[in-house]
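Chain by chain, the residues:
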Amino acid sequence: MSTTIFDKRALPATEAPPDQVRARGPRRHRPGPGKPVRYGWAIGPVLLLALWAAGSGLGVFDVRSLPAPWTVAGTAGGLIDDGKLQSHLATSGQRALLGLLFGVAAGLVLALVSGLSRLGEAVIDGPVQIKRSIPSLALIPLLILWFGIGETMKVITIALGVLVPVYIHTHNGLRAIDNRYAELAETVRLGRIGFVRHVVLPGALPGFLLGMRFAVTGAWLALVVVEQVNATSGIGYMMELARTYGQTDVIIVGLVVYGLLGLVSDALVRLVERRALSWRRTLAG
């Protein structure tokens, strides 16, 4: 056989005949959202601030209802100079952190018991689903009767708002674990503790971290309300006091602080999520 004859079968599996290479044409872009935008998390808030500033400068917004950004910034500077904003922020942060810790711990334990045991699911899942349909804020009158109007009631209200999303997403993560991993663990004779450590916890981690994103937001949402119930300190108390005196700029300062707290806390959870789940290949990049 002549060696000048092109034999497609002689090519390695990784190569293609020249006629097929030419037929492929230009390389197509991979479908998806594209590469991550650097500091993309800040673009939306900056645009919102720019629209607010433009509307205030053009007189679109009534300064009595919505003060200009520079007015709010000046008010915030005055509160910082007086030490009031730092004091209220420290109190709010302590309440939110305590409620978050108790709520996350309770939601995680309940999810593990319910997700790893059919009996546990029968006992726990129903009451949690009932609680899910009842807003935590609707329980405030009952919690006041049970625990009074002190810090205990406020922390418990925040914890109840945190518990449900942590439970729901962690439980869903547990039940979404591929059954083949359980079969593999049985094949290699992995014990109960080893099964939880090497299969359950890694499998439930994505759901848990997603629940944490909802939890940190829920903690700040609940904090806004409980700090307006007979509180003597906190960002919510500062806003309620400002409402009494018609200080719209102080109210806006409180809202901006709450928004920044939520944005930063969500960004921290997302950072942990990227680090902890770096082994996953997703469109998030």
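Rules used in this analysis
Residues numbered from 1 in each chain as written. Predicted model: local features only at pLDDT ≥ 70, side-chain atom pairs only at ≥ 80, totals over all residues. Heavy atoms only, no water. Helix = DSSP H or I, 4+ residues; strand = E, 2+ residues; numbered from the N terminus. Buried < 20%, exposed > 50% of the residue type's maximum accessible area, 1.4 Å probe, protein only. Contact = heavy atoms within 4.5 Å. Polar contact = N/O pair within 3.5 Å; in protein donor to acceptor, adjacent residues only side chain to side chain. pLDDT = per-residue confidence, 0-100. Expected span 1.5 Å × (residues − 1). Salt bridge = Lys/Arg side-chain N within 4 Å of Asp/Glu carboxyl O. Axes fitted to C-alpha atoms, helices over the stretch in contact; angles between N-to-C directions. Parallel < 35°, antiparallel > 145°, perpendicular 65-115°, else oblique. Left-handed = near helix turned anticlockwise from the far one by under 90°. Nonpolar A, V, L, I, M, F, W, Y, C, P; charged D, E, K, R; others polar.

Peer 1: Explain the overall build of the protein chain to me, please; I cannot follow it from the model alone.
Peer 2: Helices and strands together make up the secondary structure of the protein chain, namely 11 helices and zero strands. The order of helices and strands in the protein chain, counted from the N terminus, is α-α-α-α-α-α-α-α-α-α-α. Expressed as a percentage of its 285 residues, the buried residues of the protein chain come to 33%. Residue pairs in contact within the protein chain that sit at least 24 positions apart in sequence constitute 70% of those at least 6 positions apart.

Peer 1: So what exactly am I meant to see when it comes to the side chain of H88 here?
Peer 2: Note on placement: H88 falls in helix α4 (residues 84–116). On the accessibility criterion, H88 (13% relative accessible area) is buried. There is a polar contact of 3.1 Å between the side chain of H88 and the backbone nitrogen of G234. Residues in contact with H88, not counting those within four places in the same chain, are S233, G234, I235, Y237 and M238.

Peer 1: Got a minute to help me understand the confidence of the model for the protein chain in this structure?
Peer 2: Keep in mind that low pLDDT regions are not for reading the predicted coordinates in detail. When pLDDT is averaged across the protein chain, the result is 83; 86% of the residues are at 70 or more. Of the regions scoring below 50 in pLDDT, residues 1–11 engages in seven contacts with residues more than four places distant in sequence or in other chains.

Peer 1: Which parts of the structure should I look at to understand helix α11 (residues 248–276)?
Peer 2: An α-helix turns once per 3.6 residues; consequently, residues spaced three or four apart project the same way. Taking 1.5 Å of rise per residue, 29 residues should cover 42 Å, and α11 covers 42 Å from first to last C-alpha, within 8% of that figure. Among the residues making up α11, those that are buried are V250, I252, V253, G254, V257, Y258, G262, S265, D266, V269 and E273. If you follow the buried residues of α11, they end up packed against α2 (43–57), α3 (69–82), α4, α9 (192–226) and α10 (235–244).

Peer 1: It is not clear to me how the pattern of salt bridges should be interpreted in this structure. Could you clarify?
Peer 2: Any two side chains of opposite charge can pair, given that their charged atoms come close. Taken as a whole and judged by the stated rule, the model has seven salt bridges. Note that D62 is salt-bridged to R64, the shortest N-O span being 3.2 Å. Taking the shortest distance from any N to any O, the salt bridge between R95 and E227 comes out at 3.0 Å. Of the two residues, R95 is situated in helix α4 and E227 in the loop between α9 and α10; the sequence distance between them amounts to 132 residues. The same class applies to R95 as to E227, namely buried.

Peer 1: Before we go on, may I ask you to explain the packing of α4 against helix α5 (residues 118–133) in this structure?
Peer 2: Angle between the axes and distance between the axes are the two parameters that describe a pair of packed helices. Contact geometry of α4 with α5 gives a least axis separation of 6 Å together with a crossing angle of 130 degrees. Looking at the two axes, α4 sits oblique to α5. Viewed along their axes, α4 and α5 form a crossing whose handedness is left-handed. Touching L110, V113, S114 and L116 of α4 are R118, G120, E121, I124, D125 and V128, all from α5. Here the contact of α4 with α5 is composed, by residue class, of five nonpolar, two polar and three charged.

Peer 1: Teacher, can you tell me more about the environment of L49 here?
Peer 2: By the element assignment, L49 lies in helix α2. We classify L49 as partly exposed; its relative accessible area is 45%. Along the sequence, L49 and P69 sit 20 residues apart, while their C-alpha atoms lie 7.7 Å from each other.

Peer 1: Could you clarify how one ought to interpret the packing of α3 against α11 in this entry?
Peer 2: At their nearest, the axes of α3 and α11 sit 9 Å apart, and the two run at 80 degrees to each other. By the angle between their directions, the pair α3 and α11 is classed as roughly perpendicular. Residues V72, T75, A76 and L79 of α3 form the contact with α11, whose own contacting residues are D249, V250, I252 and V253. Counted by class, the contact of α3 with α11 contains six nonpolar, one polar and one charged residues.

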